[in-house]
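# Chains, contacts and geometry: an overview
So the chains spell out like this:
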Amino acid sequence: MGIQIQPQHAPYPAIRAAAARVEEMGADIAFNWDHFYPLYGEPEGLHFECWTMLAAWAEATSRIEIGALVSCNSYRNPELLADMARTVDHISAHGSAQDPGTGRLVLGIGSGWFEKDYDEYGYEFGTAGGRLDKLRDDLPRIESRLGKLNPAPTRHIPVLIGGGGEKKTLRLVARHADIWHTFGDVETFTRKSAVLDERCAEIGRDPGEIERSVGVETVEDAETMYAAGARLFTIGVGGPDHDTAVLADLLAWRDGKNG
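Quick look at the structure, then. (Residues numbered from 1 in each chain as written. Predicted model: local features only at pLDDT ≥ 70, side-chain atom pairs only at ≥ 80, totals over all residues. Heavy atoms only, no water.)

### Let's talk about helix H1 (residues 12–25)
For clarity, the cut-off: Runs of E in the DSSP output that reach at least two residues are strands. Runs of H or I that reach at least four are helices, and both are numbered from the N terminus. The length a helix should cover is 1.5 Å for every residue beyond the first. Two residues form a contact once any of their heavy atoms are found within 4.5 Å.
The end-to-end C-alpha separation of H1 is 20 Å, in line with the 20 Å expected for 14 residues at 1.5 Å each. Elements in contact with the buried residues of H1: strand E1 (2–5), strand E2 (29–32), helix H2 (50–60) and helix H9 (245–257). Positive backbone phi, approximately 110°, marks Gly26, located one or two places after H1.

### Details of the pairing of E2
Inclusion rule: Exposure classes here rest on a 1.4 Å probe applied to the protein chains alone. A residue is buried below 20% of its type maximum, exposed above 50%, and partly exposed in between. The pairing criterion is simple: DSSP has to find at least two bridges between the two strands. Looking down the strands as they point away from you, a crossover is right-handed if its path from the first strand over the helix to the second goes clockwise.
Burial along E2 is two-sided: Ile29 and Phe31 facing one way and Ala30 and Asn32 facing the other are all buried. Judged from the 3 bridges that link them, E1 and E2 form a sheet pairing that is parallel. Across the sheet, the residue bridging to Ile3 is Ala30, located in E2. Running through H1, the crossover from E1 to the neighbouring parallel element E2 is right-handed. Where E2 and strand E3 (residues 65–68) come together, 4 bridges link them in parallel fashion. What sits directly across from Ala30, in E3, is Ile66.

### Observations regarding the packing of aromatic side chains
The line we're drawing: Here the aromatic set is Phe, Tyr and Trp, taking the six-membered ring for Trp, and pairing holds for ring centres within 6.5 Å; pairs whose planes are under 30 degrees apart are stacked, those over 60 apart are edge-to-face, and all others are tilted. Charge over a ring is defined by NZ of Lys or CZ of Arg lying within 6 Å of the ring centre and within 35 degrees of the ring normal.
As enumerated under the stated definition, the model contains 13 aromatic pairs in all. Ring centres of Phe36 and Tyr75 lie 4.8 Å apart, and the angle between their planes is 35°; on these two criteria the pair is classed as tilted. Linking Phe36 in the loop between E2 and H2 with Tyr75 in the loop between strand E4 (71–72) and helix H3 (78–93), this pair joins segments that are 39 residues apart in sequence. Across this residue pair, the class does not change: Phe36 and Tyr75 are buried. Put simply, the rings of Phe36, Tyr37, Tyr75, Tyr118, Tyr121, Tyr123 and Phe125 touch in pairs and so form one group of aromatic residues. Seen from the ring of Tyr37, Lys116 lies directly overhead, with NZ or CZ sitting 4.3 Å from the centre. One Lys or Arg, Arg131, reaches over the ring of Tyr118 and ends 5.9 Å from the middle of that ring.

### Concerning unusual backbone geometry
The omega torsion across Leu69 and Val70 is -10°, close enough to zero to call that bond cis. Relative to the helices and strands, Val70 is located in the loop between E3 and E4. A cis geometry characterises the amide bond from Asn150 onward to Pro151, with omega recorded as 5°. Among the structural elements, Pro151 can be located in the loop between helix H5 (128–148) and strand E6 (159–162). Within the chain, His9 stands out as a residue other than glycine whose phi angle is a positive 60°.

### A few points about the pattern of salt bridges
Where we set the bar: The working definition used for a salt bridge is a side-chain nitrogen of Lys or Arg within 4 Å of a carboxyl oxygen of Asp or Glu.
Per the stated rule, a full pass over the model turns up 20 salt bridges. Linking Arg254 and Asp255 is a salt bridge whose minimum nitrogen-to-oxygen distance equals 2.8 Å. Here the salt bridges do not stand alone but share partners, grouping Glu79, Lys134, Asp138 and Arg141 into one network.

### Here's the deal with the environment of Asp243
Applied cut-off: For the purposes of these results, a polar contact is taken to be a pair of N or O atoms within 3.5 Å, where, inside protein, one atom must be able to donate a hydrogen and its partner to accept one; residues adjacent in sequence count only when each atom of the pair is a side-chain atom.
Following the sequence through the fold, Asp243 ends up in the loop between strand E9 (232–237) and H9. Among the residues examined, Asp243 registers a relative accessible area of 53% and is labelled exposed. Asp243 sits 225 residues away from Ala18 along the chain, and the two C-alpha atoms are 8.8 Å apart. Within the structure, the side chain of Asp243 is placed 3.0 Å from the backbone nitrogen of Ala245, a separation counted as a polar contact.

Put into structure tokens, the structure is as follows:
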């Protein structure tokens with residue numbers, strides 16, 4: 001069970017407190033997101049950067065996995081992103097109560113879509129297809145750099161790819177991802193999950209190696225998606241309050257499923 005603590009409309013101490021709270025509640029993973037401005041509410045409201053926050057969370061927590069849902073591939077050189085991920089992996093391993101010496105980072109990544117980020121920070125927005133092509137080219141570079149870094153990551157850093165495009169994105173998921181994250185209703189999820197199975201078959205990969213992840217809003221959503229094959233469920237909460245009431249219900253549902 002995951003939660004996306006959206007880094008918007010709240011001062012950092014409130015965001016940090018939310019991360020500590022959801023860890024204490026028993027969530028399995030805490031995500032933020034990789035944007036430079038709020039996605040809803042006041043468009044110029046309070047907002048913080050993704051990866052420096054993840055490094056801080058790595059020190060502020062000791063059990064919960066952490067990651068971006070998702071990091072935008074366009075914003076950083078792929079070799080630099082690999083080094084950043086390796087560094088946060090090591091920071092999160094220090095003092096880990098769950099598995100001492102083993103990091104807790106999940107490397108979530110996608111092709112990017114929020115045009116205001118691009119315009120304000122000077123990145124070329126281009127086209128959706130062009131951004132996906134760049135992600136296709138950059139994922140092997142990230143993997144290669146992770147294999148060269150000294151010290152190496154503490155573990156195989158799980159790669160989560162977000163998106164549902166059947167022609168390009170799901171081919172990248174089949175080749176590179178440990179986790180596939182998507183949104184939509186159960187019919188859409190079921191269809192795209194079947195397409196992912198086909199993409200895996202095309203390259204000879206066992207589709208069971210890829211965990212299916214979805215965004216949910218209620219226990220009923222999670223139950224429906226669980227029946228369809230999803231196994232990682234994430235609820236999003238925004239500032240200033242980061243209300244975790246629904247998370248508590250979802251954690252109770254998870255614990256019931258786990259017996």
